[in-house]
Every structure is written in structure tokens, then in C-alpha cells.
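Here are the chains, one letter per residue:
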Amino acid sequence: MTRNWHNPQRPTPAELAAWVEGELDAADAARVEAWLHEHPDDAADAEASSRLTSLFREYPPADPSPEAWKLTLAHVAARAAVPGTGNNRRPRWQALLLIGLAAAAAVLACVVATRALWPTQGGRVDERIAARPKLPPEDDNDEPFAVASAGEIDILQMDAKDAGRLMIGQLLEPFVIASSEDVELVNAEPGDEGMMPRLQKEPFPMVVVVRADKEP
Amino acid sequence: MSAVTLACPPVPSDDELLGRFAAGQSAALDELFRRYRQAAYRVAFRLLGNEADALDAVQEGFVKALTHLNGFQGRSSFKTWLLRVVSNAALDLGRARGRRETVSLDTSTAADVNERLLSADESGLGLERADLRRLLDQALSTLSDVQRQTFVLYADAGLSYREVAEATSTSIGTVMSRLYYARQKLRAFLGERIES
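Criteria and thresholds
Residues numbered from 1 in each chain as written. Chains lettered and ligands numbered in written order. Predicted model: local features only at pLDDT ≥ 70, side-chain atom pairs only at ≥ 80, totals over all residues. Heavy atoms only, no water. Contact = heavy atoms within 4.5 Å. Buried area = accessible area lost by both parts, 1.4 Å probe. Salt bridge = Lys/Arg side-chain N within 4 Å of Asp/Glu carboxyl O. Polar contact = N/O pair within 3.5 Å; in protein donor to acceptor, adjacent residues only side chain to side chain. Helix = DSSP H or I, 4+ residues; strand = E, 2+ residues; numbered from the N terminus. Expected span 1.5 Å × (residues − 1). Buried < 20%, exposed > 50% of the residue type's maximum accessible area, 1.4 Å probe, protein only. Phe/Tyr/Trp six-rings, centres within 6.5 Å; stacked < 30°, edge-to-face > 60°. Lys NZ or Arg CZ within 6 Å of the ring centre and 35° of its normal.

Student: Honestly, the interface of chain A and chain B in this entry has me stumped. Any pointers?
Tutor: Buried accessible area, meaning the area lost when the parts come together, often serves as the stated size of an interface. Counting from both sides, the interface comprises 39 residues of chain A and, opposite them, 46 residues of chain B. Summing both sides of the interface, chain A and chain B together bury roughly 4200 Å²; the carbon and sulfur share of this comes to 63%. Together, Phe56, Tyr59 and Trp69 of chain A form the three largest contributors to the area buried by chain A at its contact with chain B, with a combined 19%. At the junction of chain A with chain B, the criterion picks out two salt bridges. Where chain A meets chain B, there are 15 residue pairs in polar contact (both at pLDDT 80 or more).

So, in C-alpha cells, the structure goes:
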């Protein structure tokens, strides 16, 4: 609260209230009393504020029942006590260290359990591709292969003509992503927008989807 | 006839009780709770507006104060420290649950209540006190959190300006300013009752 610019000696309303309530230090109290000696009317507003404080003190909230006190104390005693060590608490750093170790152990247990239940293939993608069995060139592999499990797909709407292209099935074994080495470009036709397809020379993983109305 | 003077057992200080509590004496907790439960409850009730939430805040405040005594460090009195923790717990609870005041079944307006309060009817004194308490709580709800906390710590908990400043981690000047603006709002709400 800023002082009155026109009369810096004039106490602020907050100072007047503090003086009425006996909360000013000696120096400030003397200054306010000197002012009020010349301007006694200025105390009226501060005294009204003090009566407001008294009103709240005169009408406090009703106390809870003895049973409510007893129950609250019982909860405090149960939560504030540390079993086995009286009521001494561990130093904060020890508590934090224990929490950190417990969290790390939980994470490690989750990782071990995950690897045990769902073993991964491991290795890089290209190594897995290189290790897969070569298919005979005549094998058109017209069986649909799953790109997602059945539980991951919700078909909301589809045209009948798309039924042959949308492959949904039960994944029986892990599928291997083909690489560009597995694909031989026999013929290329521009797409609807006149763009020619292009295969990069370096082998890289790719998924080839054969259109139902085209020869592979 | 010779007079027998019985010496009263010395009243343990808060520090002594805290030491006994740390050593596992449950009676020390009982005494600390007995000493400060009312002040803590009144602060919490004024901030939250209902008994159930206020008792939850009291419980939370006592637990936090007793389990984090390293934060106390004796820089203020235990009472100031405790009320700081209780009032902050109450404000947190109020933000989480929303301040829920006790709903009055009386459909009277505030003006009607004021008119009843001006009369000196002894038979209606019980209802008068309850109505005025509700009016005061409604007035407090017009304040911001910091204004309400500052005013309640001063008016209901009986802390000095300096102790309120310690409890709210502010200066005495800020306490004075917040009290001033809080009172302005309270007076505006309570209207004629204060002027009389």
C-alpha cells in the first residue's frame, strides 16, 4: 500500500488499522498517534475495521463433536507414527534413496517379465531379412498376410471392391518384411497422376501390396 | 494448621512435546493435538466452509507438520508452523474439492437475515448465531485465497501480524495490505450489520 503522495506523513488505512490493533512497532505507532492527535476523525474507519475482526472472533465456527476430535486424532496418530522406529522419521535422503531403488527394481522386474512372456526377435531388420528363407520364384504367395492383428482393426465402412485388397487375418507366425532385393521390377506404368514408380538400388525394407486386379 | 502447597507439574513446552513424540510417546501427540486442534480447525473451517473438509485438512496438516519437522527448524513457533501447514492443506483441499459451504435450509435472503440480526430476541439467539456464522462464511468466500488465508490466520487463529507474515512467507507490509483489502471486501458484503 503506497503512502499518500500529497501528505507523506498521513498514515495509510492499513497502518491505521494496525495501530488500532496494536500491531505497529514503536516508531510507526508514535507517528500514527501524532497524526491522530491532529486528525482524530481518521481513526473511525480503522476502528470499524477492528470491529470486523472482533465479529469474526466472537462468532467462530462451532466445534466438532468429541467423537470427531477423537477420530481425527486417531488418524493423525496412525499416519504420523513410524512403526519400529518410534516416531523418528528417516532422513529425507534415505527415504528418497529407498524410493528410487524400489522404483528401479519394479522397472527391472517389468522388463524381465515382458521379455519372458513376449520374446522379441532381436537383431536389426536387415539381418532378419537376410536370414529368411528364399521363396521359389514361381510362388505367387497369394495367401493374404496379416499387417495387423484382428483385434487391432475396426472396420466401420468399406466398399465391396476393396474387399480383395484389405487383408485381415490371424497372425500365425511373425512375418518378415521384404527388402528391395526381393523385388524385381518387371514393368512399370505411370500412376493416375502420371508419376512413374521408382525402386531405390540400395536394399531397404519395404512392404509390397499386390493389387488384386494386376499380375504380380 | 499448616498449609500444604502442592506444586503444579510444569507444563511441557512445544519443543519438549515434539521431542517426546519423536521418542514414541503417544501422550505427547495427544497434548499437542489438544493444544492446537481448535485453532487449526477454525482456520480450516473458515477456508473450506464445512466440518468434514475442515477435519480432513486438520488431519492432513498435523500429519505433515509432524512428519516434516526438518522443515520447521525452529524459525517460528510450532503453532505458527502448524497453522501454516494446516492453512495450506486447506487451500489445496479447497482447490481439489471446491469450497463447499454448508447449505442452509432457510430460504431467507441476506437482507432478511440482517434484519433479524438487528433485533434483540433472546428466544431466537441460537438461530441468530448460526445465521451470522453462515453470513460471515459467505463473506469470506468473496476473498481471494491469499486474502482469506491472511485474514483467517489473524482473526481466527489469533496470530500477530509478524506470525502471519511468517506463516505466509511474506512481509508484515504485505500482511497489512492484504488485511486492508480483505476488510474492505468483507465490509462491502456485510453492509449494514458492520456499520451498526
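Student: What exactly am I supposed to notice about helix H3 (residues 51-67) of chain B here?
Tutor: Along an α-helix, a turn takes 3.6 residues, which lines up residues three or four apart on a common side. Between its first and last C-alpha, H3 of chain B extends 24 Å over 17 residues, near the 24 Å set by a 1.5 Å rise per residue. Counting buried positions along H3 of chain B gives twelve out of 17 residues, so the element sits mostly inside the fold. In this fold, the buried residues of H3 of chain B make contact with helix H4 (66-80) of chain A together with helix H1 (14-22), helix H2 (26-48) and helix H4 (78-97) of chain B. The N-terminus of H3 of chain B is capped by Asn50 of chain B, whose side-chain oxygen sits 3.3 Å from the backbone nitrogen of Ala52 of chain B.

Student: Help me out: how do you make sense of the packing of aromatic side chains in this one?
Tutor: Note on aromatic pairs: each is described by the distance of the centres and the angle between the planes. Going through the model one piece at a time under the given rule, you end up with eight aromatic pairs over all chains. Relative to Phe151 of chain B, the ring of Phe56 of chain A has its centre 4.9 Å away and its plane inclined at 75°; by these criteria the two rings are edge-to-face. Placement of the pair is Phe56 of chain A in helix H3 (residues 43-58) and Phe151 of chain B in helix H7 (residues 145-155), with the two residues belonging to separate chains. Across this residue pair, the class does not change: Phe56 of chain A and Phe151 of chain B are buried. Between Phe33 of chain B and Phe62 of chain B the ring centres are 5.0 Å apart and the planes differ by 55°, which places this aromatic pair in the tilted class. Taken together, the positions of Phe33 of chain B in helix H2 and Phe62 of chain B in helix H3 put the pair 29 residues apart, joining distant regions of the chain. The rings of Trp69 of chain A together with Phe33, Tyr41, Phe45 and Phe62 of chain B are connected pair by pair, giving a single aromatic cluster. Lying across the ring of Tyr154 of chain B, Arg57 of chain A places its NZ or CZ 5.0 Å from the centre.

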